[in-house]
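# Architecture and fold: a report
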Amino acid sequence: NWNSKIMPLRFLGKSNGGTSSGDDFDLTAAVKYAAGLANATGKLPAKKANVINLSLGGDLNECQIQEAVDQARAAGLSIFAATGNSGGNVQEPAICNGVVAVGASNASGVRASFSSYKPVGAAGVDLVAPGTSILVADVELQYAATYSYTNGTRYSTPLVAGIAALAKRRVA
């Protein structure tokens, strides 16, 4: 069934940044909103999500959003997060319990050298997906369409989350 819908939510702001505490606060609200749960915005979606893709990573070695993850999982959502691109420790939110940590593979199907993989506590990489030489549109330009090849676990994670969404729709 190809009728899966996307619920885009922005929480980092226009410059992809902010303070760590603000980002965690906003990420918590976004996860709860997607799950159809009470959140800081005071709003609820018309229909909750089934799968959450978190194509982002922080430099924290602890999960600051575990309560939101637990509540979303209890509401039946599957959550996938990028492991990070340092080649070292898996980063938040991929280290949260109940989150599927997605690393990047190269064209040979092995872990890409930049893909974070070292476990923090019990958290390591759950699986990998293509994340090297990904053709992307340059979103910084407003009037010209340009494309470039880039690398990152942020590109691997939506592939896995998309497959999970299709699979959930298939068995629903």
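Above this note sits the structure.
Everything in this summary refers to the structure shown in the same document. (Residues numbered from 1 in each chain as written. Predicted model: local features only at pLDDT ≥ 70, side-chain atom pairs only at ≥ 80, totals over all residues. Heavy atoms only, no water.)

This part takes up the overall build of the protein. Summing up its helical and strand segments, the protein has three helices and six strands in all. What you see in the protein, going N to C, is helices and strands ordered as α-β-α-β-β-β-β-β-α. A burial count over the protein gives 37% of its 172 residues as buried. Here the protein displays about 10000 Å² of accessible surface, and carbon together with sulfur accounts for 53% of that area. (Helix = DSSP H or I, 4+ residues; strand = E, 2+ residues; numbered from the N terminus. Buried < 20%, exposed > 50% of the residue type's maximum accessible area, 1.4 Å probe, protein only. Areas by Shrake-Rupley, 256 points an atom, 1.4 Å probe, with all protein chains shown as cover.)

Another point: the packing of aromatic side chains. The description of two aromatic rings rests on the distance between their centres and on the angle between their planes. For the structure shown, the criterion picks out zero aromatic pairs. The ring centre of Y117 lies 3.8 Å from the NZ or CZ of R111, which sits over that ring. (Phe/Tyr/Trp six-rings, centres within 6.5 Å; stacked < 30°, edge-to-face > 60°. Lys NZ or Arg CZ within 6 Å of the ring centre and 35° of its normal.)

What follows concerns the environment of A29. Among the structural elements, A29 can be located in helix α1 (residues 20–34). Separated by twelve residues in the primary sequence, A29 and T41 have C-alpha atoms spaced 6.9 Å apart. Residues in contact with A29, not counting those within four places in the same chain, are N39 and A40. (Contact = heavy atoms within 4.5 Å.)

Quick look at the side chain of T28 now. By the element assignment, T28 lies in helix α1. For T28, the side chain forms a polar contact with the main-chain oxygen of D24, separated by 2.8 Å. In this structure, T28 is in contact with I65 and A68, ignoring residues within four places of it in sequence. (Polar contact = N/O pair within 3.5 Å; in protein donor to acceptor, adjacent residues only side chain to side chain.)

A few words now on the side chain of T153. Residue position: T153 is located in helix α3 (residues 153–171). On the basis of relative accessibility, which here comes to 2%, the residue T153 falls in the buried class. Setting aside its immediate chain neighbours within four residues, T153 contacts A82, T83, G84, N85, V102, G103, A104, F114 and S115.

Relative to strand β2 (residues 78–82), strand β1 (residues 51–54) runs parallel, the two being bridged by four bridges. Considered in β2, the bridge of V51 is made with S78. For the segment spanning β1, helix α2 (residues 66–74) and β2, crossover handedness is right-handed. (Pairing = 2+ DSSP bridges. Right-handed = clockwise from strand over helix to strand, strands pointing away.)

For the rest of this paragraph, the subject is α2. Among the residues making up α2, those that are buried are Q66, A68, V69 and A72. The buried residues of α2 occupy an angular sector of 160° when projected down its axis, which confines them to one face. Residues of α2 that are exposed and point more than 90 degrees away from the buried face comprise E67 and A74. After α2 finishes, the residue G76 shows a positive phi value of roughly 95°. (Arc of directions from axis to C-beta.)

The next thing to look at is unusual backbone geometry. Geometrically, the link from E92 to P93 is a cis peptide bond, its omega value of 5° lying close to zero. With respect to the element layout, P93 can be found in the loop between β2 and β3 (99–105). The backbone phi angle of S133 is positive, close to 50°, even though this residue is not glycine. Structurally, S133 is set in the loop between β4 (127–130) and β5 (134–137).

Treat this as a map of the structure, not an account of what it does.
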